[in-house]
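Single-letter residue listing:
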Amino acid sequence: MTLEAQVGARPDWRATVTTLEARVQRALAERRRALQRRFGWAGPALRCGVEPRRRALVVSGEALSRRALAAALAELQAELPDGWSVDAAGTQIAAPQQWFALPPGVTRLWRAPPGQDVVDGACRSEHAPSGMVDRAWDFGHVREDSELCTELLPGDGPVGVLAAMDGSVLVRALDGTLGWTRARLGSTTAAPTPMRCSRGAGRAALTRALRRFRGAQYVLGGTTPLGVDCSGLVQRAVRSALGVVLPRHSSDQLALAAAPVRPLGEPGDLLFLWGAGEAACHVGVVLRGARAGARTLIHASSRRGRVIEEPLEQALARASRWRHMELEQVLALPS
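Small disclaimer: the values here were computed from a predicted structure and weren't measured.

Asker: Can you lay out the overall build of the protein for me, pointing to particular residues and giving the numbers?
Answerer: Across its full length, the protein holds eight helices and 19 strands. By residue count, 48% of the 335 residues in the protein fall in the buried class. The long-range share in the protein, meaning contacts at least 24 apart out of those at least 6 apart in sequence, stands at 64%. Approximately 16300 Å² of the protein is accessible, and the part contributed by carbon and sulfur atoms is 52%.

Asker: Describe the packing of aromatic side chains, naming the residues involved and giving the relevant values.
Answerer: With the rule as written, the count across this model stands at zero aromatic pairs. Over the aromatic face of Trp 274 sits the side chain of Arg 321, whose NZ or CZ is 4.0 Å from the ring centroid.

Asker: Lay out the packing of helix H2 (residues 14-39) against helix H3 (residues 66-78) in plain terms, naming residues and giving numbers.
Answerer: At a minimum axis separation of 10 Å, H2 and H3 run at an interaxial angle of 145°. As H2 packs across H3, the resulting crossing turns out to be right-handed. Two secondary-structure elements touch here, H2 through Val 24, Ala 27, Leu 28 and Arg 31 and H3 through Ala 68, Ala 71, Ala 72, Glu 75 and Leu 76.

Asker: Before we move on, can you summarise the sheet that holds strand S2 (residues 56-63) with the specific residues and values?
Answerer: With respect to topology, three strands assemble into an open sheet ordered S1-S2-S3, the strand pairing being mixed. Strand pairing shows two members of the sheet lacking a second neighbour, strand S1 (46-51) and strand S3 (85-93), which therefore form its edges. Averaged over all adjacent pairs, the angle separating strand axes in this sheet is 15°, with direction ignored. With six bridges connecting them, S1 and S2 associate as antiparallel partners. Note that in S2 the partner of Leu 46 across the bridge is Gly 61. Of the strands in this sheet, S1 and S2 touch H2, which is tilted by about 160° from S1. In the packing of H3 onto the sheet, contacts are made with S1, S2 and S3, and the angle to S3 comes to roughly 160°.

Asker: Tell me about the side chain of Glu 326, and name the residues and values.
Answerer: Within the secondary structure, Glu 326 sits in the loop between strand S19 (321-325) and helix H8 (327-331). Despite its burial, Glu 326 pairs with no opposite charge, the nearest such side chain being Arg 262 at 4.4 Å. In this structure the side chain of Glu 326 is engaged in a polar contact, spanning 3.0 Å, whose partner is the backbone nitrogen of Arg 262. In this structure Glu 326 touches Pro 260, Val 261, Arg 262 and Asp 269, once residues within four positions along its chain are discounted.

Asker: Summarise empty space enclosed by the protein; cite the residues concerned and give the values.
Answerer: Going through the model one piece at a time under the given rule, you end up with one cavity of 30 Å³ or more. A volume near 90 Å³ is recorded for the largest cavity. Forming the walls of the largest cavity are Thr 150, Glu 151, Leu 152, Asp 156, Ala 173, Leu 174, Asp 175, Thr 223, Gln 235, Arg 236, Arg 239 and Val 245. Where the lining of the largest cavity is concerned, the elements lending two or more residues are strand S8 (148-152) and helix H5 (230-242).

Asker: Got a sec to walk through the sheet that holds strand S17 (residues 295-301)? Specific residues and values, please.
Answerer: Taken in spatial order, the five strands of this open sheet run S18-S17-S16-S15-S19, and their pairing is antiparallel. The open sheet is flanked by strand S18 (306-311) and S19, the only strands paired with a single partner. Strand after strand, the sheet turns through a mean of 30° between neighbouring axes, direction not considered. The pairing of strand S15 (residues 270-274) with strand S16 (residues 282-288) spans four bridges and is classified as antiparallel.

Asker: Which residues make up H2, and what values go with them?
Answerer: One turn of an α-helix holds 3.6 residues; hence residues three or four places apart share an orientation. With 26 residues, H2 ought to run about 38 Å at 1.5 Å a step, and its terminal C-alpha atoms sit 37 Å apart, in line with that. The set of residues buried in H2 consists of Thr 16, Val 17, Leu 20, Val 24, Ala 27, Leu 28, Arg 31, Arg 32, Leu 35 and Gln 36. Once H2 ends, the next one or two residues include Gly 40, with phi positive near 75°.

Asker: Could you give an account of unusual backbone geometry, naming the residues involved and the relevant values?
Answerer: Cis geometry marks the peptide bond from Gly 157 to Pro 158; its omega dihedral reads 5°. Mapping Pro 158 onto the fold places it in the loop between S8 and strand S9 (159-165).

Asker: Residue-level account of H5, with values.
Answerer: Along its 13 residues, H5 runs 18 Å from first to last C-alpha, staying within 8% of the 18 Å computed at 1.5 Å per residue. Of all the 13 residues making up H5, twelve are buried; the element is thus mostly covered by neighbouring parts of the structure. The set of residues buried in H5 consists of Cys 230, Ser 231, Gly 232, Leu 233, Val 234, Gln 235, Arg 236, Ala 237, Val 238, Arg 239, Ala 241 and Leu 242. Once H5 finishes, Gly 243 follows within two positions and takes phi at roughly 75°, a positive value.

Rules and cut-offs
- Residues numbered from 1 in each chain as written.
- Predicted model: local features only at pLDDT ≥ 70, side-chain atom pairs only at ≥ 80, totals over all residues.
- Heavy atoms only, no water.
- Helix = DSSP H or I, 4+ residues; strand = E, 2+ residues; numbered from the N terminus.
- Buried < 20%, exposed > 50% of the residue type's maximum accessible area, 1.4 Å probe, protein only.
- Contact = heavy atoms within 4.5 Å.
- Areas by Shrake-Rupley, 256 points an atom, 1.4 Å probe, with all protein chains shown as cover.
- Phe/Tyr/Trp six-rings, centres within 6.5 Å; stacked < 30°, edge-to-face > 60°.
- Lys NZ or Arg CZ within 6 Å of the ring centre and 35° of its normal.
- Axes fitted to C-alpha atoms, helices over the stretch in contact; angles between N-to-C directions.
- Left-handed = near helix turned anticlockwise from the far one by under 90°.
- Pairing = 2+ DSSP bridges.
- Lys, Arg positive; Asp, Glu negative; His and termini not counted.
- Salt bridge = Lys/Arg side-chain N within 4 Å of Asp/Glu carboxyl O.
- Polar contact = N/O pair within 3.5 Å; in protein donor to acceptor, adjacent residues only side chain to side chain.
- 1 Å grid on protein atoms, 1.4 Å probe; cavity = no way out; pocket = protein on both sides within 12 Å on 5 of 7 lines; lining within 4 Å.
- Points joined across faces, edges and corners; volume = space filled by probe spheres on them.
- Expected span 1.5 Å × (residues − 1).

Next comes the structure, spelled out in structure tokens:
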């Protein structure tokens, strides 16, 4: 008899509940192992309880980001019988312990604590973060030179500190990006409210900000003129020109887009493309061309290895599909 049939047929659900609890705990354990392998750290633990009369799995505890929480809940839902649901009302996103200003220069965030030695997948460090009682912390190591999350400039701050270990701190940037750094942070501060420009000045300011990157080298995880990727270019230019803090990754940027109300082609439109010889969900920005009515696309091209501005028609011809986000929608996003 299937688990679904057992739950529906028996008033005494103890055996079924035990089976389901074991399945859920295996899923949670595997997720933590996967996070440790990928990021060198598994973060705070979620707790689960089965309520058979409600046909619900009750989840509580903390997650480091909304994306991480959504992924965990989706994996748990996949373990449940048909007709069951996940009740995540008791979960929350971990709040920073403190906010700090960023120091001068570039602060790089890495996926794993830099400089940790690993033996058979386990960190040699014997030190756990102080003040982190009741959280399960797991550490490992991912190569620093290939796991750059993002780059932050002083104006991108402050950052919120979530954890500390052996000279490294785990921080959350204002755009939601998580990463480890050894940089000496600045003074403690409060999270500011981003300032925004007017609609009228937005297009011109965005164009200037983007064109300053033309010719910059493509670097995965980069956000500066010394090296930048496609979503980093868009995030950096939109923030400096419009005061809007977009998410770090193109798929998360696209998730903010409402259904367009007009056709693609107005300067300032964010354009998301697939199958254009670039990474999945590639992103660029439409600009006004030199001739009347002409449009270009400026983007950090992994295929070309640099930031380029090309005729919009050429980029669309290489793509299998695309979607755009209007500049007005970007300006309307909440701070």
